[in-house]
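# Coordinates in review
The primary structure of each chain is shown beneath.
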Amino acid sequence: MHSKRDDLAVALHDTEPETTSRSVDDYYNLAHEQGTSRWQFWLIFLSLGIANSGDATEISCMNYILSHPLFKEEILQKGTSEEDYGGRGAAIASSIFAGMLIGGIITGAYGDRLGRRPTLLAGLFLNATSGIAASLAPSAVIMCACRFFAGLGIGAVLSSLITLASELSPSKHRGWYITIVGGFWTLGSVFIALLAFILFGRNNFSWRIFVLIAASPTFLGGILVFSFVPESPRFLALHGRYQDAANVANHVTASMGYIGKQLTVEEIKDHYGHLAEGKNDLTHKNENAMKKIRDLYGKNLLLHTTLPLQIVWFSMSFGSVNQCIARLIIFRSNTHNDSSLNFRRSGLCTWITKLFEEIGLSDIYLQSLYFALANIPGNVLASVFVDRVGRKVLLFGSMTSAALCLGLAAHGASDADTRQLQVILSSCAFHSFLVTGWCALSVMTSELFPTSIRGTGMGVCSGVGRIAGILVQYVNGAFIDQPLVLLLTAASFMMTGAFAPILLGMQDMTDRHLFEIPSMAMGVLEGDGQAVHKIV
């Protein structure tokens, strides 16, 4: 028993293995290997996964109701002679992304001071209540407000959920657990696509029922997170709450079925006593929140962490944003003569929707279901290889493969009448590789930023993605009549994102312990890749 634990322990200080105190990562790795039953541990990540699926359903639900007859009558056309897609429709569709941009940055910074769990629960509550309120919205203005507040909640979830998953996972299997949690996004997409197919594609239910049901995964996720997901022991220890940190760490390992020696308060203090942050009053929280954002762009992180991650987030968001929304608008535009005008006014077009319009596909609900299902192979690919080949290799491979798929789609689009199957298959493959890339990127982002600013880093990076989503609409609007140009532009951005981590020397944290503060990111890597760093 003793020798096995010594084999797993990683020395962070120059001491003998027999007397080295265990870090949280050491303890988790040992417990995961020796644990006899992990169903309670799985329940933690199931809860986080369902919460993540709720974000997917809330973001995507608007994609399916823009063309609903009653929605057009009650919201888009109310008080006017015809439905206003260019004004009301675009405002409703984009308001959630504005909320996500603001919510991600603000809650990321404050979440690093207030805690991951409270931030996550607050985001889920706001998202769920906003979704329920949206189902009762009497006007476009109220609908915009509901979607904006839902975006604020989603921003809070995005900055805290993956952060919490990474800090509760054993380092040797961290990529796999984060990928599983991320995979629930696909399940949420499949759920909402299937719901739209049943309620709208094969029946004629009210859009209000659809929006109400779409809020249910978020509501369920909030209940599960409240019941089963603890606060991060790293966060607690970094804020001087050593006893609480030890209690939570022991609770997590007990959920793995571990019955060995528990982590002690002295071991927590040995690793975090010189790192703990100070006062916790409101003024100090505000000052620290701004400092955490500044730390992202300090010398320890800017070149090799923050910059390459933000380039990848921008590149992937630029090539993939708002695809489901656009498919629904195409379905609507098939009933009008000037579909190009509709795209320019709405500003919600993406390359894939224009291609599908070109080849004459019409059942938008069935198409959306196919595309949601096409994401599943990408999740499987990520879960299998993320801990085996490493994050950087997986990210590079998935993004270059996605770019290649865009090239094949561009080739098919040049003669869409005879190459319909090529366009469809290459588009589905693009979705799969894109999902793999997003899984790898989520893991990398949560690992590379240190604990003290991990939520801030996640929030700011997701904000960069939102900015890319806004800018891409102007590019798409300019080249909407040239789908080949759109495809090649997206492919170019994907390739840029693929090479940025390599050219800028970004670390690969596969099977490494997480950093706690920014200066530790510059520590010397020895042996098994753990950071050797002593702060006095």
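As a convention, each chain's residues are numbered from 1 in the sequence order in which they are written. Two thresholds apply to this predicted model, a pLDDT of at least 70 for residue-level local features and 80 or more for giving and counting side-chain atom pairs, whereas whole-chain, interface and lining totals are computed over all residues. Computation of side-chain values covers all heavy atoms of the structure but excludes hydrogens and water.

Moving on, we come to the overall build of the chain. Secondary structure elements follow DSSP: runs of H or I no shorter than four residues count as helices, runs of E no shorter than two count as strands, and numbering proceeds from the N terminus. Secondary structure assignment for the chain yields 24 helices and 2 strands. A buried classification covers 60% of the 536 residues belonging to the chain. Restricting to contacts in the chain with at least 6 residues of sequence separation, those with at least 24 account for 80%. Partly exposed describes any residue whose relative accessible area lies between the buried limit of under 20% and the exposed limit of over 50%, with all areas from a 1.4 Å probe on protein chains only and scaled to the type maximum. Contact definition: two residues touch when any of their heavy atoms are within 4.5 Å.

Grouped together as the largest cluster of nonpolar side chains are 81 residues, with contacts concentrated most on Phe 45, Leu 48 and Ile 268. Residues in contact with Ile 268, not counting those within four places in the same chain, are Val 24, Ala 237, Tyr 242, Ala 245, Ala 246, Leu 263 and Gly 273. Among buried residues, those of type Ala, Val, Leu, Ile, Met, Phe, Trp, Tyr and Cys that are joined through side-chain atoms within 4.5 Å constitute a nonpolar core. Grouped together as the second largest cluster of nonpolar side chains are 30 residues, Cys 61, Leu 76, Ala 140 and Leu 199 included.

Mapping Leu 302 onto the fold places it in helix α15 (residues 302–320). Look at Leu 302 and you get partly exposed, because its relative accessible area is 35%. For Leu 302, the residues in contact, after removing those within four places along its chain, are Leu 296, Tyr 297, Leu 307 and Pro 308.

What follows deals with the pattern of salt bridges. Think of a salt bridge as a Lys or Arg side-chain nitrogen and an Asp or Glu carboxyl oxygen that are within 4 Å of each other. Counted by the stated rule, this structure contains 13 salt bridges. Ionic pairing is found between Asp 511 and Lys 172, a salt bridge with its closest N-O pair at 3.7 Å. Taken together, the positions of Asp 511 in the loop between α24 (483–503) and β1 (524–526) and Lys 172 in the loop between α7 (140–167) and α8 (174–201) put the pair 339 residues apart, joining distant regions of the chain. By relative accessible area, which is 31% here, Asp 511 ends up partly exposed. Take Lys 172: its relative accessible area is 36%, and that puts it in the partly exposed class. Residue Glu 447 pairs with Arg 391 through a salt bridge whose shortest N-O separation is 2.5 Å. In this pair, Glu 447 is assigned in helix α22 (residues 420–448) and Arg 391 in helix α21 (residues 391–413), connecting sequence segments 56 residues apart. Through salt bridges with shared partners, one network takes in Asp 112, Arg 116, Glu 167 and Arg 454.

Any Phe, Tyr or Trp ring, taking Trp's six-membered ring, that has another such ring centre within 6.5 Å forms a pair; planes under 30 degrees apart are called stacked, those over 60 apart edge-to-face, and the others tilted. Enumeration according to the criterion identifies 16 aromatic pairs in this entry. Ring geometry for Trp 176 against Tyr 177: centres 5.3 Å apart, planes inclined by 85°, an arrangement best described as edge-to-face. When its relative accessible area of 3% is taken as the criterion, Tyr 177 is described as buried. Look at Phe 314 and Phe 493: their rings are 6.1 Å apart centre to centre, the planes differ by 40°, and that puts the pair in the tilted class.

What follows is about helix α2 (residues 24–34). Side chains three or four residues apart in an α-helix point the same way, a direct result of the helix having 3.6 residues per turn. By the criterion of burial, α2 is predominantly enclosed, with 10 of the 11 residues buried. Taken as a whole, α2 has its buried residues at Val 24, Asp 25, Asp 26, Tyr 27, Tyr 28, Asn 29, Leu 30, Ala 31, His 32 and Gln 34.

Right, let's talk about the confidence of the model for the chain for a bit. In predicted models, pLDDT denotes the confidence assigned by the predictor to each residue on a 0 to 100 scale. Of the residues in the chain, 78% reach a pLDDT of 70 or more, and the chain-wide mean stands at 80. Per-element averaging of pLDDT across the chain places helix α17 (residues 339–346) at the bottom with 34 and helix α10 (residues 216–228) at the top with 97. Under a pLDDT of 50 for its full length, residues 1–19 has, in the predicted model, 30 contacts with residues more than four places off or in other chains. Low pLDDT, under 50, characterises residues 321–359; the predicted model gives this stretch 109 contacts beyond four residues in sequence or across chains.

Whenever a helix is involved, its axis is fitted only over the stretch in contact; in every case the axis is a line through C-alpha atoms, and angles between N-to-C directions fall within 0 to 180 degrees. The geometry of helix α6 (residues 116–134) relative to α10 is characterised by a closest axis approach of 9 Å and an angle of 155° between their N-to-C directions. Regarding the angle of α6 to α10, the classification is roughly antiparallel. Here the hand of the crossing between α6 and α10 comes out left-handed. On α10, the residues that touch Arg 117, Leu 120, Leu 121, Leu 124, Asn 127 and Ala 128 of α6 are Thr 218, Phe 219, Gly 221, Gly 222, Val 225 and Phe 226. When residues are sorted by character, Ala, Val, Leu, Ile, Met, Phe, Trp, Tyr, Cys and Pro go into the nonpolar class, Asp, Glu, Lys and Arg into the charged class, and all the rest, Gly among them, into the polar class. Partitioned by chemical class, the residues of the contact of α6 with α10 number 7 nonpolar, 4 polar and 1 charged. Orientation is classified from the angle alone, with under 35 degrees giving roughly parallel, over 145 giving roughly antiparallel, 65 to 115 giving roughly perpendicular, and any other angle giving oblique. What makes a crossing left-handed is the near helix being turned counterclockwise from the far one by less than a right angle; a clockwise turn instead makes it right-handed.

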